[in-house]
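Architecture at a glance
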Amino acid sequence: MLYMIRHFWRNSKMRPFVFYVLCFVLGVGFFHGAHALRRYKFELREVEYTRLCSTKKILTVNGHFPGQPIHVHKGETIIVDVYNGGTYNVTIHWHGVKMPRYPWTDGPEYITQCPIPPGGNFSQKVIFSDEEGTLWWHAHSNWTRNTVHGPIIIYPKKGSSYPYPKPAREIPIVLGEWWKQGIEDLYYHFLYTGNDPNVSDAFTINGQPGDLYNCSKEGTFKLSVRHGKSYLLRIINNALQVPLFFGVANHTLEVVGTDASYLKPFNTTYIGISPGQTIDAILHANQCPGRYYMAASVLERTPYVSYDNTTTTAIVEYVGAPASSTPSLPILPIFNDSRANENFTARFRSLATEKYPIDVPVNITKSMLFTFSVNAVPCTGSNDTCQGPNTTRLASSVNNAYYYKINGVYETNFPNFPPLFFNFTADTLPLDYEVPLMGTKVKVLDYNDNVEIVFQGTNVVDGADHPIHLHGHSFYVIGLGFGNWDKDKDPPNYNLVDPPYQNTITVPYLGWAVIRFKASNPGVWFMHCHVDRHMSWGMDMAFITLNGKTNDSKMLPPPPDMPHC
């Protein structure tokens, strides 16, 4: 894991450092806003919850699971007072919020802050800018986000409206996973064995498994609708390990946004959504009054990997429909449909209008190609701790570098390209390619660099879907495909006219994606796979964007109450 904030510099010369030593901030900067800011109170505490016929204690915010929504208007700044009443360290991340010039409260543990210890508190300033739509907040320590998470609803600026008719209601739909086992026990057992974690016992919709699981029917989430009305579903995938398919029986969904950015509307019978992503979709209640299941099931294409093959459900109930009627299930793609998720994502197009313009970087100043691989490292421990392939321990990497249990220092020479080019998606690859290099290297960007990165999936050990999330930025997804990216054939097909503007993009199984963004947000910004086992194995890195020359292009000063390590 990288350890790299509370440090900045005046030039490109970098030095190893100890995390807890606060160095200087380049430039003066100004605190954001002089008026009183709205505040939210987050108290982390353990509460007993019963699911699947058994009870366990889970960590929550204010006792709620999922956690409470945060409601803001575009461009607003708020303060969230976080108190850790739990028994282990926690941080809170504001997923998709760009936090302009203010990485200090972004939240990833040991990247931009030390965790909040039990009994500690931290007042986190959350600065919104151009986001409009649905984002979410979640813990960013170990796998604690399993139960510590909630929606962020960002309305248009006061006096403005949606680019579509106002719905009758807006409903967060939070998809997740549930284990009977405690999440900390699951996490540390996963680290101990060196292999994949135990699969979940259920998927959930708004914290409930639904009718198809034991002891779950009474708590099933229900959405009451009136015929002829429209309902905005703000869909969030908080599953730790897997992408999901989602749909509503007998209904089409009108997709209008993703990752707090509007899309050209399109209709679909299913949604593919990876961990970390959000989708805004309008449900038109235009069917015969009755009861219909909304449901979610797994997308898992990696061979030989165990997966949860169950289906979570909630119920859409038309007002006046007989309560005794049996709901029907939506038809969702099968668990290993290699094209359904990408076919869905390929339909994303930004509005690209005068009111909602786009600004795709054209003159690229930093060009990179990152490979994302599942790896295996030699193991010298006992058989109990070497349960990966051929008695190895599983790992993962970006450009063949992985980050695991390294602290104190970093270097600035993260490679622009992988150390070796080969047929990344071949059916079989040499065993030598499985072993990554250990390191803590970051990539330094100059202020206002125009950045293009090719994300390339590989079949080292096994191929997989990799939802890649970049903190502090959204990016334009200008290309997506299967196989190996081709520098001659693929760029002419890039979408530079109306590409979607996202903060999390799924690099498809044995495929690639291309993103562009402007590095106009000074600070340290984490990038990682949002499949948590991949991130824990080392599929992460960080960018450091240097300060610009003017005061409004420099990092703001840190808050006075940052937690100490």
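These figures come from a predicted structure and were not determined experimentally.

Looking at the overall build of the protein
Within the protein, the regular secondary structure consists of 3 helices and 32 strands. For 565 residues, the compact-globule estimate of 2.2 N^0.38 gives 24 Å, and the protein sits close to it at 23 Å. Along the first, second and third principal axes, the C-alpha atoms of the protein reach 70 × 60 × 55 Å. Relative to its 565 residues, the protein shows a buried fraction of 62%. At a minimum sequence separation of 6, the contacts of the protein that also span at least 24 residues come to 79%. Accessible area of the protein: about 21,600 Å², with a carbon and sulfur share of 52%. One way to put it: in the protein the 45 positive side-chain charges average out to a point 7 Å from where the 46 negative ones average out.

Thoughts on the sheet that holds strand 19 (residues 312-318)
Working definition: the strands of a sheet are paired by backbone hydrogen bonds and lie parallel or antiparallel to each other. The strand order across the open sheet built from 5 strands is 11-19-18-13-16, with neighbouring strands paired in mixed fashion. This sheet does not close on itself; its edge strands, each paired only once, are strand 11 (222-225) and strand 16 (271-273). With direction set aside, neighbouring strand axes in the sheet form an average angle of 20°.

Things to note about the side chain of Glu 434
On the secondary structure map, Glu 434 appears in the loop between strand 22 (401-402) and strand 23 (437-438). Buried charge without a partner: Glu 434 forms no salt bridge, and the closest opposite charge is Arg 393, 14 Å away. If we skip the residues at most four places from it in the chain, Glu 434 touches Asn 375, Ala 376, Val 460 and Val 461.

Side note on helix 1 (residues 183-193)
Among the residues of helix 1, those classed as buried are Ile 183, Glu 184, Leu 186, Tyr 187, Phe 190, Leu 191 and Thr 193. On its buried face, helix 1 sits against strand 2 (54-61), strand 21 (393-398) and helix 3 (532-537). A positive backbone phi angle near 75° is found at Gly 194, which sits one or two residues after helix 1.

Examining the environment of Leu 52
Along the chain, Leu 52 turns up in the loop between strand 1 (38-51) and strand 2. Residues Leu 52 and Pro 209, spaced 157 residues apart in sequence, show a C-alpha to C-alpha distance of 8.0 Å. Residues within four places of Leu 52 in sequence aside, it is in contact with Trp 178, Lys 180, Asp 201, Ala 202, Pro 209, Tyr 213, Asn 214, Cys 215 and Ser 216.

A closer look at the sheet that holds strand 29 (residues 504-507)
Here we have 5 strands laid out as an open sheet, ordered 24-32-31-26-29, and mixed in their pairing. Every interior strand has two partners, whereas the edge strands, strand 24 (443-445) and strand 29, have only one. Averaged over all pairs of adjacent strands, the angle between their axes in this sheet comes to 20°, without regard to strand direction. In the sheet, strand 31 (residues 523-529) pairs with strand 32 (residues 540-545) via 6 bridges, with the strands oriented antiparallel.

Here we look at the pattern of salt bridges
Tallied over the full model, the rule gives 19 salt bridges. Notably, a salt bridge pairs Asp 81 with Arg 39, separated by 2.8 Å at the nearest N-O pair. Residue Asp 81 is located in strand 4 (residues 77-84), and its partner Arg 39 is located in strand 1; the two are separated by 42 residues in the primary sequence. Owing to a relative accessible area of 52%, Arg 39 belongs among the exposed residues under this scheme.

Overview of the state of the cysteines
Taken as a whole and assessed by the stated rule, the structure comprises 3 disulfides. Linked covalently through their sulfurs, Cys 53 and Cys 215 form a disulfide whose S-S length is 1.9 Å. Looking along the S-S bond of the Cys 53-Cys 215 disulfide, the torsion reads about 90°, which is the right-handed sense. Linking Cys 53 in the loop between strand 1 and strand 2 with Cys 215 in the loop between strand 10 (202-205) and strand 11, this pair joins segments that are 162 residues apart in sequence. Note on Cys 53: relative accessible area 46%, which makes it partly exposed. In this model Cys 379 forms its disulfide with Cys 386; the gap between the sulfur atoms is 1.9 Å. Taking the sign of the S-S torsion, -60° for the link of Cys 379 and Cys 386, the bridge is left-handed. The class for Cys 386 is buried, based on a relative accessible area of 5%. Take the cysteines of the protein that form disulfides and number them in order along the sequence; they join up as 1-3, 2-6, 4-5.

Focus: the pairing of strand 26 (residues 466-470)
Counted residue by residue, strand 26 has 5 buried out of 5 residues, so it is predominantly covered. Alignment of strand 26 against strand 29, held across 4 bridges, turns out to be antiparallel. Within strand 29, the position partnered with Pro 467 by the bridge is Thr 506. Looking at chain direction, strand 26 and strand 31 are connected through 3 bridges and run antiparallel. Directly across from Ile 468, in strand 31, lies its bridge partner Cys 529.

Points about the packing of aromatic side chains
Applying the stated rule across the entire model yields 26 aromatic pairs. Judged by centre distance (5.1 Å) and plane angle (10°), the ring pair of Tyr 162 and Tyr 164 falls under stacked. Exposure class is identical for Tyr 162 and Tyr 164. Each is buried. Ring centres of Phe 422 and Phe 424 lie 4.7 Å apart, and the angle between their planes is 65°; on these two criteria the pair is classed as edge-to-face. Here Phe 424 falls in the buried class, since its relative accessible area comes to 5%. Clustering of aromatic rings is evident, with ring pairs tying together Trp 143, Tyr 187, Tyr 188, Phe 190 and Trp 537. Here the guanidinium or amino end of Lys 56 rests over the ring plane of Trp 178, the centre of that ring lying 4.5 Å away. The residue whose ring lies beneath Arg 339 is Phe 482, and the NZ or CZ to ring-centre distance is 3.8 Å.

Focus on the nonpolar core
If you look at the biggest cluster of nonpolar residues, it comprises 48 residues, and the most contacted ones within it are Ile 235, Phe 246 and Ile 271. If we ignore the near neighbours within four places in the chain, the residues touching Ile 235 are Ile 173, Leu 175, Phe 246, Ile 271, Ile 273, Gln 277, Thr 278, Ile 279 and Ala 281. In terms of nonpolar packing, the next biggest core, distinct from the first, is built from 34 residues, Leu 44, Leu 59, Met 99 and Phe 122 among them.

Reading the values: rules and limits
Residues numbered from 1 in each chain as written. Predicted model: local features only at pLDDT ≥ 70, side-chain atom pairs only at ≥ 80, totals over all residues. Heavy atoms only, no water. Helix = DSSP H or I, 4+ residues; strand = E, 2+ residues; numbered from the N terminus. Rg over C-alpha atoms; globule rule 2.2 N^0.38 Å. Buried < 20%, exposed > 50% of the residue type's maximum accessible area, 1.4 Å probe, protein only. Contact = heavy atoms within 4.5 Å. Areas by Shrake-Rupley, 256 points an atom, 1.4 Å probe, with all protein chains shown as cover. Lys, Arg positive; Asp, Glu negative; His and termini not counted. Charge placed at Lys NZ, Arg CZ, Asp CG, Glu CD. Pairing = 2+ DSSP bridges. Axes fitted to C-alpha atoms, helices over the stretch in contact; angles between N-to-C directions. Salt bridge = Lys/Arg side-chain N within 4 Å of Asp/Glu carboxyl O. Disulfide = S-S within 2.5 Å. Phe/Tyr/Trp six-rings, centres within 6.5 Å; stacked < 30°, edge-to-face > 60°. Lys NZ or Arg CZ within 6 Å of the ring centre and 35° of its normal. Core = buried A, V, L, I, M, F, W, Y, C linked by side-chain atoms within 4.5 Å.

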